[in-house]
Amino acid sequence: MRPVPGRAVLAVAALAGAVARPAVAGVEVSLISYLSARPEIRDGRAITAAPLLELVSVDAWGLNAPGLGSARLHVSGWGSLGLLGTSPRGPAAGDLDLAYVEGRGFEDRLRLVLGRQLVGGGAARFLQLDGALAEYSLARRLRVTAWGGVPVAARFNVRQGDAAGGGRVAWAPSWDSEVGASYALVLDRGLVSRHDAGVDGRWSPSRSLWISGHALYSLAELRVVEAELGPHWKIFPALELALSARRVSPDLLLPRSSILSVFAEPSRDELGAVATWEVRPEVAVTADVRAAWLSGVPGSDAGALVAARVAPGTLLTGELRWLNAFDQGYWRARVGASRRLTTNLVLAGDADAFWRSTAVNGVNHSAVASAAASWTFAPDWLAVAELGAGTTPELAAEARAMVKVAWRFRVAASDRSAP
Amino acid sequence: MSGRRRAALAAVALTGAACASLFTALGRRADGIKMPHAKHVAAKVDCLACHETIFDAEVLSEADLPREKVCLKCHREEKEKGNCGMCHLEPDRPGTYPHQERAVVMSHAKHLELKEVNEDCRTCHLDLPEPSRPALAAKPPMASCTNCHRHEQEYASGGCNACHLDLSRYALRPLSGFSHQGDYLRSHPADARARGAACATCHEQTFCAECHARTAVAPVAWLLPERVDRLLIHRGDFVGRHDIEAKADSATCSRCHGTSFCADCHATRGLLSLSGSPVDPHPQGFSDPRSAAFHGPVARRDIATCAGCHDQGASSTCVQCHRVGGVGGNPHPASWLARHGVAELSTNSMCLACHP
């Protein structure tokens, strides 16, 4: 069984404590079970793996938490059991994705989140951590956020560090505009893994134009980690155009405590444009093009996507993409369709193929297709069955199957009426 | 039993206890208070007589609902007779008002001061709770608010959270100012970084965690085969093209997968051999300094991809050749010494891997 760190136990214990006085306005529970069979390569041989996977989510709101007014509890996680083709990491695994209590106090000026959470905004870069976040509104438009804790280990047990802390100051002159300055420090085995300062902003001079950008600067390396700026313009109600210029230093997304962080200082620059045109209310076309330079070596990327609602309940999509990744690339084509047959039954199909410029295993193409049926067989219940097959550079012929059953149960105290 | 195994079992037990506690709370029929407002109004009882504290209430709170002692001012006789059922829905287990989520920002104190309201509760409370109707149905409708607060600008820009504390459980569509059309999968980080509060109007962090949680169990594309309309990064045979995608934008991969992800997966698949394996990720001549495909320039340009497999700290392949005195020579980029002085050798333990 995959070990659950001791700190996760503390987090869950804190959550259990929070519900010790169970005055709750509502609870939503979601259980999703997956049973699938798909080919996998193990030690150079193809085997059939059949994992049973369970996703669990519990969300309780309106908790009567002392001092925090109306609080909220969320716990979500997963567990898996290998029925066939057990993973080398063991037959069973599981983890907590989120486990936090969120409350507000001081006349809603303070928002406090305790437990396993995702921290976003500015330099935090969506860090998942076991810890605490506090956000305080100093004035109506000025907000200060501080967070700290232990970064959560990624899948496959990749360390993210021993401790992390940071914060952000933001001023929002309007609902859709904001400017912020942020800071993040992550330590790993006593070494600086990441030490960044950032600025970010979104400015919307009109309803049809908004400009967003951010820059992150490494205080450890005194270089720009990444910077991006771009306007988004709704030229007509049916036509949108987005432009972007981006620079990123890929090596600065490696932990500074990594031995490979001393080897290179590459930079990747990108200019891009995306246009979306609603040809008719039921037909939309999106086209994008990007030019990139990796330490001066050029690459490019372009694609187009068409989505058409050809009849009520029927959606067709088609996508074509070309990617030139500096010294190799691919062409990719994809078509998809979904059709609602009845109120409760939807069929969907998907075919995806690409052609590589370089072969793998002597094969330079791949084609996979799948069909899925989605059936709402009872209120709050959904079942999905999927069958897929294809030929890939790894496997001359492959087939896979999956069954999913999802159940969502919700009770709200305020839904009750008096007799 | 190992400490970690015990910790895991304890976590499961505590989670179960927390869930059980919640279900117990919900499964039990909670008490509530029957309050026939119509009878009280007909008896010309002033609102203030029972709701005195509401005149100073800055936020919505159950604490401002009348306490029992207020009711007993008139109905003490019924309590003394044991007629608990007169007010309590569950007289056998008498409690207080059912707990409700505070969903909006609303100051009764400020509203009651307004001359348009003039301390008349019926300005907003067009309908009052009765025993025959759930309390929720008797809350003032949003139209009561918009009679005075037109909020045209907030509607236009989606500024709902000035009043609504949480809209994430409502089925809303993205507004023009935050249009999710086109390639929003690629462009959404800019909005999330700089205006996460706007994202949070509709999306809880559970939504973000589907993709961004490092603990997530599988790519979303695997879990949602029925959503062919969604642009998802790992759709189709992503494994067959992942090397090209990683080369095109390794920074995007490393945000989620970190170092050693690649090595772990390649090890599971038995693809780590460099001895002529057809899926060896290195081209011919990768170790030959005379070859155009020599690894030095490639590593300078794309070290994040190297780190995917070779980030084993002091025991990594790179260190064996590039350590001081090794055949690989000095690996540091030209500007390295400008930022990392020799003194760092004694303070940064990582330096000792190559500079013993």
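Residues numbered from 1 in each chain as written. Chains lettered and ligands numbered in written order. Predicted model: local features only at pLDDT ≥ 70, side-chain atom pairs only at ≥ 80, totals over all residues. Heavy atoms only, no water.

Here we come to the overall build of chain B. A count of helices and strands for chain B gives 18 helices and 0 strands. The burial tally for chain B puts 34% of its 356 residues in the buried class. Across chain B, contacts joining residues at least 24 apart in sequence account for 56% of those joining residues at least 6 apart. As displayed, chain B offers around 20300 Å² of accessible surface, 60% of which is attributable to carbon and sulfur atoms. (Helix = DSSP H or I, 4+ residues; strand = E, 2+ residues; numbered from the N terminus. Buried < 20%, exposed > 50% of the residue type's maximum accessible area, 1.4 Å probe, protein only. Contact = heavy atoms within 4.5 Å. Areas by Shrake-Rupley, 256 points an atom, 1.4 Å probe, with all protein chains shown as cover.)

Residue and element names in this part refer to chain A. Put simply, chain A has an average pLDDT of 86, and 89% of its residues get 70 or more. A low-confidence stretch, residues 1-6 (pLDDT under 50), is modelled with 19 contacts involving residues beyond four sequence positions or located in other chains. Predicted confidence for residues 414-419 stays below pLDDT 50, and this span has 16 contacts to residues more than four positions away or in other chains. (pLDDT = per-residue confidence, 0-100.)

For the rest of this paragraph, the subject is the nonpolar core. Grouped together as the largest cluster of nonpolar side chains are 23 residues, with contacts concentrated most on Val119 and Trp147 of chain A. Mapped by element, the contributors of at least two residues to this core are β4 (92-105), β5 (110-119), β6 (127-137) and β9 (177-188) of chain A together with α10 (205-212) of chain B. Those residues in contact with Trp147 of chain A, other than ones at most four positions away along the chain, are Val119, Ala124, Leu127, Leu129, Ala132, Leu133, Ala164, Gly165, Gly166, Gly167, Tyr183 and Ala184 of chain A. Core analysis: the next-biggest nonpolar cluster, separate from the first, contains 17 residues, Ala299, Ile303, Cys318 and Trp336 of chain B among them. (Core = buried A, V, L, I, M, F, W, Y, C linked by side-chain atoms within 4.5 Å.)

Bringing unusual backbone geometry into the picture now. In the Ramachandran plot, Arg125 of chain A falls in the positive-phi region, its phi being about 55° despite a non-glycine side chain. As for its position among the elements, Arg125 of chain A is in the loop between β5 and β6. Residue Lys44 of chain B is not a glycine yet carries a positive backbone phi of 60°. Within the element layout of this structure, Lys44 of chain B appears in the loop between α2 (37-42) and α3 (47-50).

It is worth spelling out the confidence of the model for chain B at this point. All names here are of chain B. Scored by pLDDT, chain B has a mean of 77; 80% of the residues are at 70 or more. Within chain B, helix α1 (residues 3-27) has the poorest average pLDDT of any element, 54, and helix α12 (residues 238-248) the best, 89. Interface scoring of the predicted complex returns ipTM 0.83; its pTM is 0.76.

Attention now moves to the pattern of salt bridges. Within the structure shown, the criterion is met by 49 salt bridges over all chains. One salt bridge connects Arg125 of chain A with Asp196 of chain A, and the closest N-O pair in it is separated by 3.9 Å. One end of the pair, Arg125 of chain A, is in the loop between β5 and β6; the other, Asp196 of chain A, is in strand β10 (residues 191-206), and 71 residues separate them in sequence. On the accessibility criterion, Asp196 of chain A (2% relative accessible area) is buried. Among the salt bridges present, the one from Arg247 of chain A reaches Asp269 of chain A, with a minimum N-O distance of 2.6 Å. Pair noted here: Arg247 of chain A is in strand β13 (residues 239-248) and Asp269 of chain A is in strand β14 (residues 268-280), with a separation of 22 residues, a long-range link. Residue classification places Arg247 of chain A among the partly exposed positions, given a relative accessible area of 39%. Shared partners join several salt bridges into a network, and the residues in it are Arg246, Arg268, Glu270, Asp288, Arg290, Asp301, Glu319, Arg321, Arg334 and Asp350 of chain A together with Arg186 and Asp249 of chain B. (Salt bridge = Lys/Arg side-chain N within 4 Å of Asp/Glu carboxyl O.)

As a further point, take a nonpolar patch on the surface. Residues and elements named next belong to chain A. Taken together, the side chains of Leu35, Leu52, Leu81, Leu83, Leu84, Trp375, Phe377, Trp381, Val403 and Val405 present a nonpolar region at the surface, about 870 Å² in accessible area. Elements that contribute at least two residues to the nonpolar patch include exactly β3 (69-84), β20 (363-378) and β22 (398-412). As for its position among the elements, Leu84 is in strand β3. (Patch = residues over 30% accessible without salt bridge, like charges linked within 9 Å, V, L, I, M, F, W, Y side chains within 5 Å.)

Mapped onto the elements, His322 of chain B comes out in helix α17 (residues 317-322). A polar atom in the side chain of His322 of chain B sits 3.3 Å from the backbone oxygen of Gly328 of chain B. (Polar contact = N/O pair within 3.5 Å; in protein donor to acceptor, adjacent residues only side chain to side chain.)

Glancing now at the state of the cysteines. All names here are of chain B. In the structure shown here, the tally under the stated rule is 0 disulfides over all chains. Summary of cysteine pairing: Cys163 is not part of a disulfide, and the nearest cysteine sulfur, belonging to Cys145, is at 6.8 Å. Summary of cysteine pairing: Cys354 is not part of a disulfide, and the nearest cysteine sulfur, belonging to Cys351, is at 8.8 Å. (Disulfide = S-S within 2.5 Å.)

Residues and elements named next belong to chain A. Going through the model one piece at a time under the given rule, you end up with 6 aromatic pairs over all chains. Considering the side-chain rings of Tyr330 and Phe354, the 6.0 Å spacing of their centres and the 50° angle between planes classify their relative orientation as tilted. Taken together, the residues Tyr330 in strand β18 (residues 328-340) and Phe354 in strand β19 (residues 345-360) connect sequence positions 24 residues apart. Looking at Tyr330, the relative accessible area reads 3%, which means it is buried. Grouping aromatic residues by their ring pairs yields a cluster made of Trp375, Phe377, Trp381, Trp407 and Phe409. (Phe/Tyr/Trp six-rings, centres within 6.5 Å; stacked < 30°, edge-to-face > 60°.)

What follows is about helix α13 (residues 250-257) of chain B. Of all the positions in α13 of chain B, only Ser250, Ala251, Ser254 and His257 of chain B are classed as buried. End-on view of α13 of chain B: buried residues confined to an arc of 145°, all on one side of the axis. Tucked inside the fold, the buried residues of α13 of chain B contact β13 of chain A together with α12, α14 (261-269) and α16 (303-310) of chain B. (Arc of directions from axis to C-beta.)

Residues and elements named next belong to chain A. Relative to strand β16 (residues 297-311), strand β15 (residues 283-294) runs antiparallel, the two sharing 12 bridges. Paired with Ala284 across the two strands is Ala307, which belongs to β16. Count of turn residues in the β15/β16 antiparallel hairpin: 2 residues, of which Ser295 carries a positive phi of about 45°. Here β16 runs beside strand β17 (residues 314-325); their pairing, made up of 11 bridges, is antiparallel. Across the sheet, residue Ala308 finds its bridge partner in β17, namely Leu316. Linking β16 to β17, which pair antiparallel, is a turn of 2 residues; within it Gly313 sits at a positive phi near 85°. (Pairing = 2+ DSSP bridges.)

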